[in-house]
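Here are the chains, one letter per residue:
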Amino acid sequence: MDEHKETLRVGSAVRRRRRQLELTLAVVAERSGLSVPFLSQIENERARPSSRSLQRVADALCTTDVELLAAADPARTVEVVRADDDTDLDGSTPDARVRELARGHHQLHALEFIGDHDEGREFQHRNDELMYVVEGAVEMEAEGRAYRLGRGDTLFLTGGVRHRWRATVPDTRVLVVAVGDHIEAVDDRGR
C-alpha cells in the first residue's frame, strides 16, 4: 500500500486564480521570480512545485499557499505521515526545519516548525489559525501585542490577524494548523 500517493493537482487552482485576477503568465512570473515555462508546466500538471515555489506563486497571486492547496483538493483520502519520514519542506536548515504533518494538498494545513524560522515575515490569513507549542518557547506578536508561549500553550488567531513569531529556545517545536482560506464554517446541526 502506497501511503505517499499524491492524487491531487494544484495546477488547476493556480490557473483559476490567475485567470480570476486577469493576469498573464508573464506577470505572475515577474511577481514570483519564477519562469514562464515553469509556471506553464505547473498549470498543465507537468511539474509539481516545491513548497517554496508554491508560496512564491501564491504571493504573486495575492493569496496563500494554503488557499491554493485547499482549492485543489477534490479527493477523499487517508494518508499517514510517519515520524521518521523525510518530509522537510524547502528552506529547512539543520537549525530550523519545517515538516508537513499532512502530506499533499488538503483543506487542512498542518505544519511542525522545529527550531526557528523567518521571524521577520509577517503572516495574515483570512481563516482561523491555531498554534500549539509542543516543546520550547516562542515570542509571538499579534495586532501590536506581544505574547510569550511555553510548552503546552496554545494561541488561537481569528482570520485577518497580522502576526509573526520566533523561537526563543533551541529545538523549539511548534504545531501550526489552519483551514484553507476558502473554507467557510457551516452549521449542520439541523441534519
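Just above, that's the structure.
Let me sum up the structure you'll find in this document. Keep in mind that what you see is a predicted model, and the values were worked out from it rather than measured.

Note that arginine 18 resides in helix α1 (residues 11–20). Judged by relative accessible area, which is 10%, arginine 18 ranks as buried. Every residue in contact with arginine 18, bar those within four places of it in the chain, is listed here: Leu23, Thr24, Leu25, Val28, Glu43 and Leu61.

Turning next to the sheet that holds strand β8 (residues 173–179). Sheet strands associate in pairs through backbone hydrogen bonding, adopting either a parallel or an antiparallel arrangement. Ordered in space as β1-β2-β8-β3-β6, the five strands form an open sheet in which the pairing is antiparallel. Unpaired on one side and paired on the other, β1 (96–100) and β6 (154–157) mark the two borders of the sheet. Ignoring strand direction, the axes of neighbouring strands in this sheet form an average angle of 20 degrees. Across six bridges, the pairing between strand β3 (residues 129–135) and β8 is antiparallel. The partner of glutamate 129 across the bridge, within β8, is alanine 178.

For cysteine 62, which is not glycine, the phi dihedral falls at a positive 55 degrees. With respect to the helices and strands, cysteine 62 occurs in the loop between α4 (51–60) and α5 (65–71). With a relative accessible area of 58%, cysteine 62 lands in the exposed category. Phi is positive for aspartate 171, close to 60 degrees, though the residue is something other than glycine. Tracing the chain through its elements places aspartate 171 in the loop between β7 (163–167) and β8.

Turning our eyes to something else, we now look at a nonpolar patch on the surface. Nonpolar side chains collect at one region of the surface, where Leu130, Tyr132 and Phe156 lie side by side and expose about 270 Å² of accessible area between them. Note on placement: leucine 130 falls in strand β3.

A word on the pattern of salt bridges. The tally for this structure, following the rule as stated, stands at eight salt bridges. Between arginine 162 and glutamate 122 there is a salt bridge, and its shortest N-O distance comes to 3.3 Å. Of this pair, arginine 162 sits in the loop between β6 and β7 while glutamate 122 sits in the loop between β2 (108–115) and β3, placing them 40 residues apart in sequence. Residue arginine 148 is joined to glutamate 139 by a salt bridge in which the shortest nitrogen-to-oxygen separation is 2.5 Å. Arginine 148 sits in the exposed class, given a relative accessible area of 67%. Several salt bridges converge on common partners, so that one network encompasses Arg15, Arg18 and Glu43.

On to the sheet that holds strand β5 (residues 145–150). If you walk across this open sheet you meet the three strands as β5-β4-β7, and the pairing is antiparallel. For this open sheet the edge positions go to β5 and β7, each flanked by a neighbour on one side alone. Between one strand axis and the next, the sheet turns through 20 degrees on average, direction left out of account. Two strands pair when backbone bridges link them, and strand β4 (residues 137–142) and β7 are joined in this way by five bridges, in the antiparallel orientation. The partner of glutamate 139 across the bridge, within β7, is arginine 166.

The rules behind these values
Residues numbered from 1 in each chain as written. Predicted model: local features only at pLDDT ≥ 70, side-chain atom pairs only at ≥ 80, totals over all residues. Heavy atoms only, no water. Helix = DSSP H or I, 4+ residues; strand = E, 2+ residues; numbered from the N terminus. Buried < 20%, exposed > 50% of the residue type's maximum accessible area, 1.4 Å probe, protein only. Contact = heavy atoms within 4.5 Å. Pairing = 2+ DSSP bridges. Axes fitted to C-alpha atoms, helices over the stretch in contact; angles between N-to-C directions. Patch = residues over 30% accessible without salt bridge, like charges linked within 9 Å, V, L, I, M, F, W, Y side chains within 5 Å. Areas by Shrake-Rupley, 256 points an atom, 1.4 Å probe, with all protein chains shown as cover. Salt bridge = Lys/Arg side-chain N within 4 Å of Asp/Glu carboxyl O.

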